[in-house]
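# Inside the fold
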Amino acid sequence: MDEQHHHPENDPAYKGLKVQHGVESAPPIINPHFRRRRLPELSAEQYIKEIVAGNITRLSQAVTLVESTLEAHREKAQAIIEGCLPYAGRSIRIGITGVPGAGKSTSIDAFGMHLIRQGRKLAVLAIDPTSEVSRGSILGDKTRMEQLAREENAFIRPSAAGDSLGGVARKTRETIILCEAAGFDTIFVETVGVGQSETAVHSMVDFFLLIQLAGTGDELQGIKRGIMEMADGIVINKADGDNVDAAQLAAAHFRNALQLFPKTESGWEPKVLTYSGYYALGIKEIFDMIDRYRHYTTDTGYFDLKRQRQAKWWMYEAINDTLKHSFYHNPTIQQSLPQLEKAVQEESITPFVAAHRLLDIYYRSISQENKYDE
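Below is a summary of the structure that appears in this document. As the structure is a computational prediction, the values presented were derived from the model and not from experiment. By convention here, each chain's residues receive numbers from 1 onward along its written sequence. The predicted origin of the model limits local features to residues at a pLDDT of at least 70 and limits the giving and counting of side-chain atom pairs to 80 or more, whereas totals for whole chains, interfaces and linings rest on all residues. Hydrogens and water are ignored here; the side-chain numbers use all heavy atoms of the structure.

### A short note on the overall build of the protein chain
- Along its length, the protein chain carries 13 helices and 7 strands.
- Relative accessibility decides the category of a residue: with a 1.4 Å probe and only protein chains considered, values under 20% of the type maximum give buried, values over 50% give exposed, and everything between is partly exposed. Put simply, the protein chain has 374 residues, and 41% of those count as buried.
- Taking as baseline every contact in the protein chain between residues at least 6 positions apart, the subset at least 24 positions apart corresponds to 73%.
- Residue burial considers only the protein chains on display, and all accessible areas are found by Shrake-Rupley using a 1.4 Å probe. Per element, the accessible surface of the protein chain, about 22,100 Å² overall, is 53% carbon and sulfur. Segments assigned H or I by DSSP are reported as helices when at least four residues long, segments assigned E as strands when at least two residues long, and all are numbered from the N terminus. Note on contacts: a residue pair is in contact if any heavy atoms of the two residues lie within 4.5 Å.

Here you go:
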């Protein structure tokens, strides 16, 4: 036996002891005979047909295409969205926000099960915060929505917030269209939470629900005027056990605060309710409130007017997004940007001068491209 594999324990002097040689190298952790089965590539028309038929697998794949930043995916994604548009618009879109720890995911789980029991189909577009350091997201909403994750009529899609406005994923509005085309009659959009601008989520939903907590000190401390003015309903979570009185008191504070705000454009007076997401208490009252809001705004014409304004707002957002993409993917800009970045860091020029120079470079390159095209 060579020295490398010699074990003194195997010497006859040590009776009852024996050491096995083991293997030269560890076996592979994946079956070497395994071959990944790739699904056939579908055309945009095939995707549309499958989505409208309610195929959740194809819906998920289409959402991935929509969220992709690859140029090859952008055209197909837009074709799918346009094809699904005639089948969209028939849902109630509800934005849900609140301070971190307010129990948004637990509440959505309870809200969703209430709707599922009524025979509704629910899509939850949950936005996960993106780390400023690693640029990563946990995307663990399905683990926090245990009941909904097992329901056939529920579709949970977590997305990374990235650097988009208010923590709303860049393509969430397009995803709403796809979900509606797939037959989901209720859409929840869960945002990262109060502290970032919630303008983006407010501009894509019909009803904006703000979740608050009681018993955390001064309840009004967490009120931000902009969020309060956008909210169509405020609900105080964890109104159970010894916290019921505190929740009722917090609700009274919020009602008093709402009276100080100007009347809403829709004419709807935001309501303040209490409930328990953990024990699923008071959920029916919340959705009764949302139904009253929908009937009220539909009767006054505000419901359709708001959606028209949202479509216009997102048109301008799409213009901004396209211009930004064109600017940063311009070869001349990609070449000039590092030099001007360095100059700004060394304080040899101001950020504003650098920005104007880059824009001048961009406009000149675009003008040159147009001249070649002629």
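### Points about the nonpolar core
- One finds Ile-51, Leu-59, Ile-80, Leu-178, Ile-234 and Ile-236 to be the most contacted residues of the largest nonpolar core, which totals 49 residues.
- With 6 residues, helix α9 (residues 244-258) is the largest single contributor of residues to this core.
- The residues contacting Ile-234, other than those within four sequence positions of it, are Leu-210, Gln-212, Met-228, Phe-254, Leu-258, Lys-271, Val-272 and Leu-273.
- We define a nonpolar core as any set of buried Ala, Val, Leu, Ile, Met, Phe, Trp, Tyr and Cys residues linked to one another through side-chain atoms lying within 4.5 Å. With 33 residues, the next largest nonpolar core counts Phe-188, Ile-211, Val-235 and Phe-287 among its residues.

### A word on the environment of Gln-46
- Along the chain, Gln-46 falls in helix α1 (residues 44-52).
- Gln-46 sits 34 residues away from Ile-80 along the chain, and the two C-alpha atoms are 9.1 Å apart.
- From its side chain, Gln-46 meets the backbone nitrogen of Ser-43 in a polar contact 2.8 Å long. For this analysis, a polar contact is any N or O atom pair within 3.5 Å, provided that within protein one partner can donate a hydrogen and the other can accept it, and provided that sequence-adjacent residues contribute only side-chain to side-chain pairs.

### Description of the packing of helix α4 (residues 104-117) against helix α10 (residues 283-300)
- Here an axis means a line fitted to C-alpha atoms, over the contact stretch when the element is a helix, while the angle between two N-to-C directions is reported on a 0 to 180 degree scale. Across the interface, α4 lies against α10 with an axial gap of 10 Å and an inter-helix angle of 75°. What the angle tells us is that α4 and α10 run roughly perpendicular. Residues Ala-110, Phe-111, His-114 and Leu-115 of α4 pack against Ile-283, Lys-284, Ile-286 and Phe-287 of α10.
- Considering only residue class, the contact of α4 with α10 consists of 6 nonpolar, 1 polar and 1 charged. Any angle that is under 35 degrees is reported as roughly parallel, and any over 145 degrees as roughly antiparallel; angles of 65 to 115 degrees are reported as roughly perpendicular and all others as oblique. Three classes are used: nonpolar for Ala, Val, Leu, Ile, Met, Phe, Trp, Tyr, Cys and Pro, charged for Asp, Glu, Lys and Arg, and polar for all others, with Gly counted as polar.

### Details of the packing of aromatic side chains
- Here is the rule: rings of Phe, Tyr and Trp (six-membered ring for Trp) pair when centre to centre is within 6.5 Å. Planes less than 30 degrees apart are stacked, more than 60 are edge-to-face, and the remainder are tilted. Considering all chains together, one arrives at 12 aromatic pairs under this definition.
- Measuring from centroid to centroid gives 5.6 Å for Phe-111 and Phe-287, while their planes differ by 80°, and the two rings are edge-to-face. Within this pair, whereas Phe-111 is found in helix α4, its partner Phe-287 is found in helix α10, the two being separated by 176 residues in sequence. A single burial state applies to Phe-111 and to Phe-287, both of which are buried.

### Some words on a nonpolar patch on the surface
- Taken together, the side chains of Met-315, Tyr-316, Ile-319 and Leu-323 define a hydrophobic patch exposed on the protein surface, amounting to about 390 Å² of accessible area.
- Overall, Ile-319 belongs to the partly exposed group, its relative accessible area being 38%. Like-charged residues within 9 Å of one another, or nonpolar side chains (Val, Leu, Ile, Met, Phe, Trp, Tyr) within 5 Å, are grouped into patches, provided each residue has over 30% relative accessible area and no salt bridge. Salt bridges are defined as contacts in which a side-chain nitrogen from Lys or Arg sits within 4 Å of a carboxyl oxygen from Asp or Glu.

### Points about the pairing of strand β4 (residues 186-190)
- Burial analysis of β4 places 5 of its 5 residues in the buried class, the great majority of the element.
- Pairing between two strands requires that DSSP report at least two bridges joining them. One ladder, built from 5 bridges, connects strand β1 (residues 92-98) with β4; its direction is parallel. What sits directly across from Ile-96, in β4, is Glu-190.

### Examining the pattern of salt bridges
- Tallied over the entire structure, the rule returns 7 salt bridges.
- A salt bridge links Arg-307 to Asp-206; the nearest nitrogen and oxygen atoms lie 2.7 Å apart. With a gap of 101 residues between them, Arg-307 in helix α11 (residues 302-328) and Asp-206 in the loop between α7 (199-202) and β5 (207-213) connect regions that are remote in the sequence. Accessibility classification places Arg-307 together with Asp-206 in one group, the buried group.
- Residue Asp-288 is joined to Lys-284 by a salt bridge in which the shortest nitrogen-to-oxygen separation is 2.8 Å. Of this pair, Asp-288 and Lys-284 both sit in helix α10, 4 residues apart, which is roughly one turn of that helix.

### A short note on unusual backbone geometry
- With a phi angle near 65°, Lys-238 is a residue other than glycine that sits in the positive phi range.
- Looking at the element boundaries, Lys-238 is found in the loop between β6 (233-237) and α9.
- For Lys-238, a relative accessible area of 37% puts it in the partly exposed group.
- The phi dihedral of Ala-280 is positive, around 55°, even though this residue is not glycine.
- Position of Ala-280 among the secondary structure elements: in the loop between β7 (271-274) and α10.

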